[in-house]
Amino acid sequence: MNLLIYAGPGPWRDEALAVAAQFAGQVATSITLVTGGGIRNAELIDDAVARLGLPPDVVIKRRVVEGTPHEAILTVAGETMYDLVIFGRFQRPLERLLPLRRSDALTRQLRTAVLRVSGPARSIRRLLLASGGDQHTFATARYVALLATPLQASVTLLHVVSQQPVVFEPLAPLAADEATFLAGETPEANTLRQSAAWLRERGVMVATRVRFGLVLDEILAELHEGDYDILAVGTHHAAGPLDRVLLEDLTGDLLDRCPRTVLVARRAAHD
Amino acid sequence: MAQRVMNDDDIVKVGTVTETPDEVRSMLLIPGWMLRITSAMAGVLLFVLALDLLKEGAREYGRAMVAFFNVTGPISALGFGWLLAYMFLSGSPVAAIAVTFFAAGTLDALQTFTMITGSRLGASLIVLGVGFLYYLRGHRRAASIAIGVQALITTAAIYLPAMALGVWALTSGLVQTVQADADAPLRSVFDWLYEPVLTAIDALGVPGWAQFVAGIAALLVAFTLLDRALPQVDPESNAFSRIGRVVYRPMVMFALGMAVTSVTMSVSVSLSILVPLSVRGLVRRENTLPYIMGANITTFIDTLVAALIVGGAAAFTIVLVEMVSVALLSLIVLLFFYQTFQRSILRLQDAIVRNRTTLAIFLAVMFVVPVVLLIF
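Small disclaimer: the values here were computed from a predicted structure and weren't measured. (Residues numbered from 1 in each chain as written. Chains lettered and ligands numbered in written order. Predicted model: local features only at pLDDT ≥ 70, side-chain atom pairs only at ≥ 80, totals over all residues.)

Student: I keep staring at the overall build of chain A and nothing clicks. Help me out?
Tutor: Regarding its fold elements, chain A presents ten helices and eleven strands. By the burial criterion, 46% of the 271 residues in chain A qualify as buried. For chain A, the share of sequence-separated contacts (at least 6 apart) that also reach a separation of at least 24 residues comes to 82%. (Helix = DSSP H or I, 4+ residues; strand = E, 2+ residues; numbered from the N terminus. Buried ≥ 20, exposed ≤ 12 C-beta atoms within 10 Å, placed from the backbone. Contact = placed C-beta atoms within 7 Å.)

Student: I would appreciate a short explanation of the overall build of chain B in the present structure.
Tutor: Looking only at helices and strands, one finds 13 helices and three strands in chain B. Put simply, chain B has 376 residues, and 51% of those count as buried. Taking as baseline every contact in chain B between residues at least 6 positions apart, the subset at least 24 positions apart corresponds to 83%.

Student: Can you help me understand the packing of helix 4 (residues 92–103) of chain B against helix 12 (residues 301–352) of chain B in this one?
Tutor: When two helices pack together, their arrangement is given by the angle between their axes and by how far apart the axes lie. All names here are of chain B. Contact geometry for helix 4 and helix 12: axes closest at 9 Å, N-to-C directions at 40 degrees. The angle between helix 4 and helix 12 falls in the class oblique. The handedness of the crossing between helix 4 and helix 12 comes out as left-handed. On the side of helix 4, the interface is formed by Ser92, Ala95, Ala96, Val99, Thr100, Phe102 and Ala103, while helix 12 contributes Asp302, Thr303, Ala306, Ala307, Val310, Gly311, Ala315, Ile318 and Val319. (Axes fitted to C-alpha atoms, helices over the stretch in contact; angles between N-to-C directions. Parallel < 35°, antiparallel > 145°, perpendicular 65-115°, else oblique. Left-handed = near helix turned anticlockwise from the far one by under 90°.)

Student: Honestly, the sheet that holds strand 1 (residues 2–6) of chain A in this entry has me stumped. Any pointers?
Tutor: For sheets, the rule is that strands pair by backbone hydrogen bonds, running either parallel or antiparallel. Residues and elements named next belong to chain A. If you walk across this open sheet you meet the ten strands as 3-2-1-4-5-11-10-6-7-9, and the pairing is mixed. Unpaired on one side and paired on the other, strand 3 (59–64) and strand 9 (206–212) mark the two borders of the sheet. If you compare each strand with its neighbour and ignore which way they point, the axes differ by 20 degrees on average. The sheet contacts of helix 8 (residues 215–225) involve strand 6 (126–131), strand 7 (154–161), strand 9 and strand 10 (230–234), and relative to strand 7 the element is tilted by about 150 degrees. (Pairing = 2+ DSSP bridges.)

Student: Honestly, the pairing of strand 3 of chain A in this entry has me stumped. Any pointers?
Tutor: All names here are of chain A. In this sheet, strand 3 lies alongside strand 2 (residues 30–35) in parallel orientation, the contact comprising six bridges. When the sheet's bridge partners are listed, Thr32 is paired in strand 3 with Lys61. As for the winding sense of the linkage, the β-α-β connection from strand 2 through helix 2 (residues 42–52) to strand 3 is right-handed. (Right-handed = clockwise from strand over helix to strand, strands pointing away.)

Student: Help me understand the domain arrangement of chain A in this model?
Tutor: Reports often express the size of an interface as the amount of accessible area lost when the parts come together. When cut into domains, chain A gives domain 1 (2–117) and domain 2 (126–265). Taken together, the elements giving at least two residues each to the side of domain 1 of chain A that touches domain 2 of chain A come down to helix 1 (13–27), helix 4 (105–109) and strand 5 (113–117) of chain A. (Domains from an automatic or database assignment.)

Student: Hey, could you run me through the packing of helix 9 (residues 250–264) of chain B against helix 12 of chain B in this one?
Tutor: Residue and element names in this part refer to chain B. Direction vectors running N to C along helix 9 and helix 12 enclose 165 degrees, while the axes themselves pass 12 Å from each other. Here helix 12 runs roughly antiparallel to helix 9, going by the angle between their axes. Crossing hand, helix 9 versus helix 12: right-handed. On the side of helix 9, the interface is formed by Pro250, Met251, Phe254 and Ser262, while helix 12 contributes Ile301, Leu334 and Tyr338. Split by residue class, the contact of helix 9 with helix 12 holds six nonpolar, one polar and no charged. (Nonpolar A, V, L, I, M, F, W, Y, C, P; charged D, E, K, R; others polar.)

Student: Would you mind showing me how to read the nonpolar core here?
Tutor: As a rule of thumb, nonpolar side chains are buried together in soluble globular proteins. Residues Ile86(A), Leu127(A), Leu231(A), Ala232(A), Val99(B) and Val319(B) are the most contacted members of the largest nonpolar core, which totals 189 residues. Among the domains, domain 1 (2–117) and domain 2 (126–265) of chain A are the pair contributing at least three residues each to this core. If we skip the residues at most four places from it in the chain, Ile86(A) touches Leu3(A), Ile5(A), Tyr6(A), Ala16(A), Ala20(A), Leu115(A) and Val117(A). (Core = buried A, V, L, I, M, F, W, Y, C linked by C-beta atoms within 7 Å.)

Student: Hey, could you run me through the confidence of the model for chain A in this one?
Tutor: Segments scoring low in pLDDT should not have their predicted coordinates read at a detailed level. Taken residue by residue, chain A gives an average pLDDT of 87. The fraction at 70 or more is 89%. Strand 6 of chain A holds the highest mean pLDDT among the elements of chain A, 96, whereas strand 8 (residues 163–165) of chain A holds the lowest, 80. (pLDDT = per-residue confidence, 0-100.)

Student: Honestly, helix 13 (residues 356–375) of chain B in this entry has me stumped. Any pointers?
Tutor: Residues three or four positions apart in an α-helix share a direction because the helix packs 3.6 residues into each turn. For helix 13 of chain B, with 20 residues, the first-to-last C-alpha span of 29 Å sits near the 28 Å given by 1.5 Å per residue. Along helix 13 of chain B, the positions that sit buried rather than exposed are Leu359(B), Met366(B), Pro370(B) and Leu373(B). (Expected span 1.5 Å × (residues − 1).)

Student: Mind showing me how you'd approach unusual backbone geometry here?
Tutor: Located in the positive-phi region is Asp227(A), a residue other than glycine, with phi close to 50 degrees. The topology assignment puts Asp227(A) in the loop between helix 8 and strand 10.

Student: What's the story with helix 8 of chain A in this structure? I'm lost.
Tutor: For helix 8 of chain A, the complete set of buried residues consists of Val215(A), Leu216(A), Glu218(A), Ile219(A) and Leu223(A). Where the residues of helix 8 of chain A are buried, they touch strand 6, strand 7, strand 9, strand 10 and helix 10 (250–257) of chain A together with helix 11 (285–298) of chain B. Asp227(A) occupies a position one or two residues after helix 8 of chain A and carries a positive phi of about 50 degrees.

Student: For this particular structure, what's the right way to read the environment of Glu248(A)?
Tutor: With respect to the helices, strands and loops of the structure, Glu248(A) is situated in the loop between helix 9 (241–246) and helix 10. Discounting chain neighbours no more than four positions away, the residues touching Glu248(A) are Val247(B), Tyr248(B) and Arg249(B).

Student: In this structure, what is going on with the confidence of the model for chain B? I would like to understand it.
Tutor: Residues and elements named next belong to chain B. Confidence along chain B averages 78 in pLDDT terms, with 79% of residues attaining 70 or more. For chain B, per-element mean pLDDT is lowest for strand 1 (residues 2–5), which scores 34, and highest for helix 11, which scores 92. In the predicted structure, residues 1–25 sits below a pLDDT of 50 and forms 47 contacts with residues beyond four places in sequence or in another chain. Taken as a whole, residues 177–185 scores under 50 in pLDDT and shows eleven contacts with residues more than four places along the chain or in a different chain. This prediction of the complex comes with two scores: 0.81 for pTM and 0.82 for ipTM.

Student: Help me understand the environment of Arg280(B) in this model?
Tutor: Residue and element names in this part refer to chain B. Mapping Arg280 onto the fold places it in the loop between helix 10 (267–277) and strand 3 (282–284). The exposure class of Arg280 is partly exposed, given the 16 C-beta atoms found within 10 Å. Sequence spacing of Arg280 and Val267 is 13 residues, and the spatial spacing of their C-alpha atoms is 21 Å.

Student: Sorry if this is basic, but what is going on with the environment of Met265(B) here?
Tutor: Residue and element names in this part refer to chain B. Relative to the helices and strands, Met265 resides in the loop between helix 9 and helix 10. Separated by 48 residues in sequence, Met265 and Ala217 place their C-alpha atoms 18 Å apart. With near-sequence residues (within four places) excluded, Met265 lies in contact with Ser92, Leu226, Thr299, Ile301 and Asp302.

What follows is the structure, given as structure tokens:
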């Protein structure tokens, strides 16, 4: 994997490096460490290299860029294709109360998968993959497997059912409980089964959960109840400008509200 | 061939209609758009005639009816409108009746305002009532009933505070300056059309109560004709075709609910229109709530037109205050408290549809409350 890690100053810098250190040495073939703010922050990159404890066969590149952390990451990310960009949350806790300070601005502008670290650094043991029940789940599962396999972490596939029939006719039978839903033949249930099987083939311990209610609330509730270390989500529906106007940005909302580390997977052309 | 049937303002039905060869032939000979335009024109003409008949009947028998139901103030008028909506299985005719009562001097402005609010509350329960009958007959309809409950509690949650706002606006004199001047030209055109009809009815000595009943019948037929004039929705070429799979922005669904209902004039018909947009007849809860909120505003358009035709500027103002109050409350909720509001409504909905007992209790309360309101 070709990783880009932000090593410059930021409110969650230490935590981001601690999370990256858990798997970077095992999965990366090349790592680019970047900082904004110019030469005065160059020593932070050396500090990051020391913290990551990378094996000698991993190629390390250092990039010191003028400008803000956002500008630095976007500049370097635009130069080549990275598999994963890792950075700590730049938004401070109280800034979440300001409606215009969305914490997903950087993630939205990047074209690669992102690991946005937030909250206290924890050993990565449990990952929660929030699935929309469609084919994009496989793209997210691919990134999850890359992290879960070397760390021997378990993965829970979560699907939230917020749909309800509009009319009283039997157009749309809807399983009202988790077991019935998972045993059913809906496209969502099939996707969950296939994704779970795909992850198991790669040696990942997998559990499947189905919850009923509002998507955002149920994902956050499961994250809290299951004490997961990372939330993995996809971002794919906003295909065009019209979609960006019409569709709710659930990934953005999760990035805003999720107190834990979030992995935002993106579907590659070959997925 | 599965087809949407919209015979009435407030019942969602999806039935199977078998077309006879004659019907197929007639559909081939007469283009669909022409049938819809004809239905729309006939619906509008009948609607205005119905309002005239109701107004004539209300002059004579409205007071007796109001006295019989003991409508003495705004609260009892709220219960009156609510109960009448149950009787007519629809809200729009009741709102139109409220306006004609006002025009005939049977109800004052405040009573008219609260009766219109009651009509909307009653209409919301009709969606649920039909589902509950299915449910009692052993169908697995809990989730389906949920949308009826959602429509009802969303309407109540917005309309009741909006009613307070509207009452304040009407009693404080804030809206006295609002004028509507479209009354005269509309009136003159319709007078020319209907004066001979109404004169003939008078000449025949048709009693007032018969005119009132005929007006109600004409009103219901008019709404049926207007329903038939609805444009068809192409699910394949619609920006909202993924309404069951993805979550749209609340403001977008709010605007869609307003736009669709400005054509359908009925919240429940607007809800049924979501079906062809969704491949499996499912919509996300996140999408329906703001949609209902938007639909609850433009559902007043037919009442606004009725007010303009029979009640003049004063009646128009009453309905406009209702619309503006509901719109204002809805926008405040959407912009500032939407997440909390959404969670509260859906939690309440889940609690109500949890089992048959809770649902039956809820329905019982919904039937008892308007009766109790009549006492005040």
